[in-house]
2 protein chains.
Amino acid sequence: MGTKGDGNRRRIIEAADQLFYKRGYNQTSFQDISEATGIPRGNFYYYFKTKDDILGAVIDNRLDALTAMLKQCEAAGGTPLDRLLAFSNILETNRDNVLESGCPVGTLDSELAKDDPQLHEKSRQAFSLLRQWLREQFEALGKANADELAMDLLARIQGVTVLACAFNDADFIRRSLKDIQDWIECRAMNQA
Amino acid sequence: MGTKGDGNRRRIIEAADQLFYKRGYNQTSFQDISEATGIPRGNFYYYFKTKDDILGAVIDNRLDALTAMLKQCEAAGGTPLDRLLAFSNILETNRDNVLESGCPVGTLDSELAKDDPQLHEKSRQAFSLLRQWLREQFEALGKANADELAMDLLARIQGVTVLACAFNDADFIRRSLKDIQDWIECRAMNQA
DNA sequence: GCAGGAGTAATACGACCGTCTTACTTGGAT
DNA sequence: ATCCAAGTAAGACGGTCGTATTACTCCTGC
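Here's a quick rundown of the structure. These numbers were taken from a predicted model, which means no experiment stands behind them.

Comments concerning the overall build of chain A
Scanning chain A from terminus to terminus reveals 11 helices and 0 strands. Listing each helix as α and each strand as β along chain A from the N terminus yields α-α-α-α-α-α-α-α-α-α-α. Overall, the C-alpha framework of chain A stretches about 60 × 40 × 30 Å when taken along its three principal axes. Burial status across chain A gives 49% buried among its 192 residues. Pairs at least 24 apart in sequence give 68% of the contacts found in chain A among residues at least 6 apart. As displayed, chain A offers around 9,100 Å² of accessible surface, 48% of which is attributable to carbon and sulfur atoms. Computed over 24 positive and 29 negative side-chain charges, the inter-centroid distance for chain A is 2 Å.

Next comes the structure, spelled out in structure tokens:
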């Protein structure tokens, strides 16, 4: 196996990743990916059997990136509170992208929920990964309802991204992030 | 102008409305609408110049339906608190649809945010309508930051729909609705 | 009773979609 | 030097997309 081939495979995945985010999965054609990479359209079949296969590889790639991001959150602070605050900062660090295209996890999942159920399940993995990690943080805070708190936090972040993107409102992100972080700190204070 | 023609126009709009919700705008073809209505594909051009025109008519139709729904909320109770609680109940009354396809307003807006900016603007009207109405309710409660509260409430509802749809979790809707209604009542109690 | 606009049926059109195939070019093992 | 698998270039394929056109039926006003 040549290194050139693997390099192309990777370039396809990364270009598709960006395009799926910016335009959506269904609205991204092989031609789009071809133009972005310079790789002829017909060659994708050599690396992937179907378009769904590309999506699968993109999602796997995103799961790796999310895992790395979570590791970084763990390194950011010693306490679960620090980690949760670091996590919520993704709203600010990805602000410009969120305003333009929404949350990559949420918008892809919403799109695929209306397609084949199998694709929906695949895209849900990203949410599950975040949910599980957040749950562990809340458990480390001694919370009995850690999974519920994880869902609540994910939902609040999703809501902010949807509305901020709809109204292209950066101030709303900033204000909401503060509210969310207050909410996290409040949960970290109270016992049970 | 015959009444038959208007009847067909209406049938196209209503079938497209459903399909745009269940499958998404881009994933709904003229053929789909044709099969749902029995109206030949080629005839759509007689009623609408382009697919975007159908979308415009569908959104106008939804705005009318939302306006009627808000009027119903106003009739449901005399106080702004009653109205806000009635509004939030859409999460429960539309539960099954939300679990399957998400929020019709949110998912359409998220989809169109990745298409032509003009379409995005059109779809945002629904959010604007709800935002304005909620703002008026919070103003009636004497809130100085009524618009911010309106955005916060919309965002919370959106977040719940996205996560509930992703995990197909009806219990999460029920639990979150209670949280949201507690939040509304809390806002109604506090002054300023 | 017929002229003419409203509405219907059916299909042609070019473009693009995802998929698949073929022919060609490498570069390393033998 | 030769061979062969790995990878590349280019395009054919059938299907479907949104759009547009044509020919037809029907009803109404005169």
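Observations concerning empty space enclosed by the protein
One pass over the full model with this rule turns up 6 cavities of 30 Å³ or more. A volume near 230 Å³ is recorded for the largest cavity. Forming the walls of the largest cavity are 19 residues, and the residues nearest its centre are Thr 107, Ser 110 and Glu 111 of chain A together with Thr 107 and Glu 111 of chain B. Mapped onto the lining of the largest cavity, the elements with two or more residues apiece are helix H8 (104–112) of chain A together with helix H8 (104–112) of chain B. Per-element tally for the lining of the largest cavity: the top contributor is H8 of chain B, with 4 residues. Here the residues of the lining of the largest cavity sort into 1 nonpolar, 10 polar and 8 charged. Two domains share the lining of the largest cavity, each providing at least three of its residues, namely domain 1 (1–48) and domain 2 (56–189) of chain B. Roughly 70 Å³ of internal volume is contained in the second largest cavity. Elements represented by at least two residues in the lining of the second largest cavity include exactly helix H4 (51–76), H8 and helix H9 (117–140) of chain A. In terms of residue class, the lining of the second largest cavity is made up of 7 nonpolar, 1 polar and 2 charged.

Notes on the environment of Thr 50 of chain B
Structurally, Thr 50 of chain B is set in the loop between helix H3 (44–47) and helix H4 (51–76). The class for Thr 50 of chain B is partly exposed, based on a relative accessible area of 39%.

Side note on the nonpolar core
Grouped together as the largest cluster of nonpolar side chains are 120 residues, with contacts concentrated most on Phe 87, Leu 153 and Leu 163 of chain A together with Phe 87, Leu 153 and Leu 163 of chain B. Both domain 1 (1–48) and domain 2 (56–189) of chain B contribute no fewer than three residues apiece to this core. If we skip the residues at most four places from it in the chain, Leu 153 of chain B touches Leu 84, Leu 134, Phe 138, Ile 180, Trp 183 and Ile 184 of chain B.

Side note on the layout of surface pockets
All names here are of chain B. When its volume is computed, the largest pocket comes out at roughly 750 Å³. As for the largest pocket, its lining consists of 30 residues, of which Leu 66, Met 69, Ile 90, Asn 94 and Pro 104 are closest to the centre. For the lining of the largest pocket, the elements supplying multiple residues, two or more each, are helix H1 (3–23), H4, helix H5 (80–88), helix H6 (90–93), helix H7 (95–101), H8, helix H9 (117–140) and helix H10 (146–167). Ranked by the residues each element gives to the lining of the largest pocket, the list is headed by H4, at 8 residues. Here the lining of the largest pocket is composed, by residue class, of 19 nonpolar, 9 polar and 2 charged. When residues of the lining of the largest pocket are sorted by domain, at least three fall in each of domain 1 (1–48) and domain 2 (56–189).

With respect to the interface of chain A and chain B
Contacts between the two partners involve 39 residues from chain A and, on the opposite side, 39 residues from chain B. On the chain A side of the contact with chain B, Lys 114, Met 151 and Phe 167 of chain A bury the most area, a combined 22% of that side's loss. Across the pair Arg 175 of chain B and Glu 148 of chain A runs a salt bridge, and its minimum N-O distance is 3.8 Å. Looking at the side of chain A that touches chain B, the elements with two or more residues in it are helix H1 (3–23), helix H7 (95–101), H8, H9, helix H10 (146–167) and helix H11 (170–189) of chain A. The dominant element in the side of chain A that touches chain B, judged by the number of residues it contributes, is H10 of chain A, at 14 residues. A breakdown of the residues in the side of chain A that touches chain B according to their chemical character gives 14 nonpolar, 11 polar and 14 charged.

With respect to H9 of chain A
Taking 1.5 Å as the rise per residue, H9 of chain A with 24 residues should run 34 Å; its terminal C-alpha atoms sit 34 Å apart, in good agreement. Largest kink in H9 of chain A: about 30 degrees, centred on Gln 125 of chain A. Of all the positions in H9 of chain A, only Leu 119, His 120, Ser 123, Ala 126, Phe 127, Leu 130, Arg 131, Trp 133, Leu 134, Gln 137 and Phe 138 of chain A are classed as buried. Where H9 of chain A is buried, its residues touch H4, helix H5 (80–88), H8, H10 and H11 of chain A together with H10 of chain B. Remark: Gly 142 of chain A follows H9 of chain A within two positions and exhibits a positive phi of approximately 85 degrees.

What counts, and at which threshold
- Residues numbered from 1 in each chain as written.
- Chains lettered and ligands numbered in written order.
- Predicted model: local features only at pLDDT ≥ 70, side-chain atom pairs only at ≥ 80, totals over all residues.
- Heavy atoms only, no water.
- Helix = DSSP H or I, 4+ residues; strand = E, 2+ residues; numbered from the N terminus.
- Buried < 20%, exposed > 50% of the residue type's maximum accessible area, 1.4 Å probe, protein only.
- Contact = heavy atoms within 4.5 Å.
- Areas by Shrake-Rupley, 256 points an atom, 1.4 Å probe, with all protein chains shown as cover.
- Lys, Arg positive; Asp, Glu negative; His and termini not counted.
- Charge placed at Lys NZ, Arg CZ, Asp CG, Glu CD.
- 1 Å grid on protein atoms, 1.4 Å probe; cavity = no way out; pocket = protein on both sides within 12 Å on 5 of 7 lines; lining within 4 Å.
- Points joined across faces, edges and corners; volume = space filled by probe spheres on them.
- Nonpolar A, V, L, I, M, F, W, Y, C, P; charged D, E, K, R; others polar.
- Domains from an automatic or database assignment.
- Core = buried A, V, L, I, M, F, W, Y, C linked by side-chain atoms within 4.5 Å.
- Buried area = accessible area lost by both parts, 1.4 Å probe.
- Salt bridge = Lys/Arg side-chain N within 4 Å of Asp/Glu carboxyl O.
- Expected span 1.5 Å × (residues − 1).
- Bend = angle between axes of the 7 residues up to and from the residue.

So far we have only geometry, and geometry alone does not tell us how the molecule works.
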